[in-house]
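The residues making up each chain are set out below.
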Amino acid sequence: MNRSFDQRLADLAQWRPSGDVLTITCVDAHTGGEPLRVVLAGFPEVPGLDILAKRRYAREHLDHLRTMLMYEPRGHADMYGCLITPPVRPDSHFGVLFLHNEGFSTMCGHGIIAVTKVVLDMGLFPPDTGPLHIDTPAGLVIAEASLRNGNVDSVSFQNVPSFVVALDCRVKVPGWGEVTYDLAFGGAFYAYVDAASLGLSLSSVESAALIQAGRAVKKAVTEAGPIQHPFEDDLGFLYGTIFSGRPQSSEADLRNVCIFAEGEVDRSPTGTGVSGRMAIAHARGQVRVGESLVVESIVGSKFQGTVIEETKVGTYLGIVPQVRGEAFITGIHHFFADPGDPFKSGFFLR
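Only a predicted model underlies this, so the values are computations on that prediction, with no experimental measurement involved.

### Considerations on the overall build of the protein
Here's step 1: Broken down by element type, the protein carries six helices and 18 strands.
Here's step 2: Relative to a compact globule of 350 residues, whose C-alpha radius of gyration would be 20 Å, the protein shows 21 Å and is just as compact.
Here's step 3: Across its three principal directions, the C-alpha atoms of the protein cover 75 × 45 × 45 Å.
Here's step 4: Across the 350 residues in the protein, those meeting the buried criterion constitute 52%.
Here's step 5: At a minimum sequence separation of 6, the contacts of the protein that also span at least 24 residues come to 64%.
Here's step 6: Just so you have it, the protein exposes about 15600 Å², and 50% of that area is on carbon and sulfur atoms.
Here's step 7: Across the protein, the centroid of the 29 positively charged side chains sits 3 Å from that of the 39 negatively charged ones.

### Remarks on the environment of K302
Here's step 1: Mapped onto the elements, K302 comes out in strand 16 (residues 302-313).
Here's step 2: Residue contacts for K302: discarding those within four places in its chain leaves S249, E251, A252, P269, V294, V295, E296, R324 and G325.
Here's step 3: There is a polar contact of 3.2 Å between the side chain of K302 and the backbone oxygen of G300.

### A closer look at the packing of aromatic side chains
Each pair of aromatic rings is reported with the distance of its centres and the angle of its planes.
Here's step 1: Counted by the stated rule, this structure contains 14 aromatic pairs.
Here's step 2: Ring geometry for F163 and F185: centres 5.2 Å apart, planes at 25 degrees, overall stacked. Linking F163 in strand 9 (residues 162-173) with F185 in strand 10 (residues 177-185), this pair joins segments that are 22 residues apart in sequence.
Here's step 3: A residue is classified by how much of its surface remains accessible, and F163, at 0% relative accessible area, is buried.
Here's step 4: With 5.3 Å between their ring centres and 45 degrees between their planes, Y239 and F260 make a pair best called tilted.

### Some remarks on the pairing of strand 9
Here's step 1: Where strand 9 and strand 17 (residues 316-325) come together, two bridges link them in antiparallel fashion. Residue pairing across strands places S162 opposite I319, the latter belonging to strand 17.
Here's step 2: Sheet topology places strand 9 next to strand 10; eight bridges connect them, and they run antiparallel. Bridge pairing links V164 to A184 in strand 10.
Here's step 3: Here strand 9 hands over to strand 10 after three residues, with G175 in that stretch at a positive phi of 90 degrees.

### Some words on the environment of G273
Here's step 1: Among the secondary structure elements, G273 is positioned in helix 6 (residues 271-283).
Here's step 2: G273 sits in the buried class, given a relative accessible area of 0%.
Here's step 3: Once the C-alpha coordinates of G273 and Y80 are considered, the two residues, 193 residues apart in sequence, prove to be 16 Å apart.
Here's step 4: Aside from chain neighbours lying at most four places away, what touches G273 is Y190, Y192, I242 and N256.

### Some details on the pairing of strand 13 (residues 254-260)
On any regular strand, side chains alternate: one points to one face of the sheet, the next to the other face.
Here's step 1: Across the seven residues that make up strand 13, a large majority, seven, are buried.
Here's step 2: Going residue by residue along strand 13, you find L254, N256, C258 and F260 tucked away on one face and R255, V257 and I259 tucked away on the opposite face as well.
Here's step 3: Relative to strand 13, strand 12 (residues 238-245) runs antiparallel, the two being bridged by six bridges. What sits directly across from S244, in strand 13, is N256.
Here's step 4: As paired elements, strand 13 and strand 15 (residues 292-296) share two bridges and run parallel to each other. Directly across from R255, in strand 15, lies its bridge partner E296.
Here's step 5: Note: strand 13 against strand 14 (residues 264-265), two bridges, orientation antiparallel. Looking at the pairing, F260 lines up with E264 of strand 14.
Here's step 6: A loop of three residues connects strand 13 with strand 14, the two strands running antiparallel in sequence, and A261 in this loop sits at a positive phi of about 50 degrees.

### Examining unusual backbone geometry
Here's step 1: Here the residue pair E72 and P73 is connected by a cis peptide bond, since its omega of 5 degrees sits within 30 degrees of zero.
Here's step 2: You can see P73 is positioned in the loop between helix 3 (63-70) and strand 3 (81-85).
Here's step 3: Look at N149: it is not a glycine, yet its phi comes out positive at around 55 degrees.
Here's step 4: Tracing the chain through its elements places N149 in the loop between strand 7 (139-148) and strand 8 (151-158).
Here's step 5: Residue N149 is classed as exposed on the basis of its relative accessible area of 78%.
Here's step 6: With a phi angle near 55 degrees, D168 is a residue other than glycine that sits in the positive phi range.
Here's step 7: According to the relative accessible area criterion, D168 is partly exposed, its value standing at 43%.

### Describing the nonpolar core
Here's step 1: Of all hydrophobic cores here, the largest spans 84 residues; its most connected members are F98, I112 and F243.
Here's step 2: In this structure, L65, M68, M70 and L99 belong to the second largest nonpolar core, which totals 20 residues.

### Some remarks on the side chain of D182
Here's step 1: Examined against the element boundaries, D182 turns out to sit in strand 10.
Here's step 2: Here R284 takes part through its side chain, which lies 3.1 Å from a polar atom of the side chain of D182.
Here's step 3: Other than its neighbours up to four places away in sequence, D182 contacts A166, L167, D168, Y190, A191, Y192, I280 and R284.

About the thresholds
Residues numbered from 1 in each chain as written. Predicted model: local features only at pLDDT ≥ 70, side-chain atom pairs only at ≥ 80, totals over all residues. Heavy atoms only, no water. Helix = DSSP H or I, 4+ residues; strand = E, 2+ residues; numbered from the N terminus. Rg over C-alpha atoms; globule rule 2.2 N^0.38 Å. Buried < 20%, exposed > 50% of the residue type's maximum accessible area, 1.4 Å probe, protein only. Contact = heavy atoms within 4.5 Å. Areas by Shrake-Rupley, 256 points an atom, 1.4 Å probe, with all protein chains shown as cover. Lys, Arg positive; Asp, Glu negative; His and termini not counted. Charge placed at Lys NZ, Arg CZ, Asp CG, Glu CD. Polar contact = N/O pair within 3.5 Å; in protein donor to acceptor, adjacent residues only side chain to side chain. Phe/Tyr/Trp six-rings, centres within 6.5 Å; stacked < 30°, edge-to-face > 60°. Pairing = 2+ DSSP bridges. Core = buried A, V, L, I, M, F, W, Y, C linked by side-chain atoms within 4.5 Å.

Here's what the structure looks like:
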């Protein structure tokens with residue numbers, strides 16, 4: 001019996017290339033509009049006794065796979081990814097390495113929310129597992145899902161201790177004059193700048209200007225002096241600039257737009273950025289333990305940040321923040337790297 005055109009066309013979904021073609025299978029998701037490409041299969045084992053060691057190995061030996069998945073033609077300048085690893089702590093469920101257009105980051109809040117959605121909805125762990133202990137380069141993160149009809153509806157995570165390094169710092173930024181910023185850590189270090197002070201709005205139509213200003217501020221703050229984490233040298237660098245201002249929604253308290261890595265614009269409110277923002281608000285006496293802020297993103301998505309408790313990080317007074325948001329799975333993909341493809345490792349075009 002002759003098979004119909006539609007049947008033969010459907011068979012193409014099962015096609016795989018022959019020969020020496022690398023295949024990496026991923027599931028794509030997004031949190032508040034910010035993508036997360038989660039590697040399921042095809043990546044080599046990443047050795048290392050802890051996640052920071054795994055991150056160093058990946059940076060030195062597997063960067064061509066990062067660029068393959070993040071860069072064009074398989075990704076784009078604002079793509080974000082996640083590699084799941086076996087746990088390194090005895091009581092953890094798994095570890096994560098986050099990747100983007102510049103390299104491998106130390107922590108990612110939207111990534112934690114999305115990967116929790118992925119591992120529970122797709123069955124790596126039963127949905128009633130309870131809190132997931134996740135090893136990240138910045139430290140242990142604990143994520144907990146709220147379920148609806150057996151599927152993940154939202155995710156809240158207790159982030160690593162977050163703290164303020166300094167408030168109301170000033171730096172000269174070429175093209176922008178003297179800029180006032182706060183420096184805080186929420187899993188990564190950010191310079192927090194009031195957008196209105198630079199004449200910027202936080203609308204998506206100004207994304208190009210925000211990228212330009214964010215990169216300029218990041219460069220100036222980085223050159224102003226070393227940024228040091230109290231315990232881990234690998235965490236001592238400025239990840240990005242966060243511009244803050246008035247929200248557009250009456251349901252939010254403020255708007256955050258994060259420009260990170262190599263001019264990447266976070267579509268979500270930025271989980272690590274919200275964590276640092278909660279530390280700043282606590283240091284300024286604007287929120288107390290148990291209180292929350294709702295932060296919206298450049299596309300209007302929202303995270304809720306809450307101060308869980310006060311703590312100390314070395315000599316810094318800090319907080320333990322919790323961040324809550326929603327994620328959605330968008331597809332499963334098989335990415336191929338043909339040895340003869342001149343763009344098998346991707347290319348970057350901003």
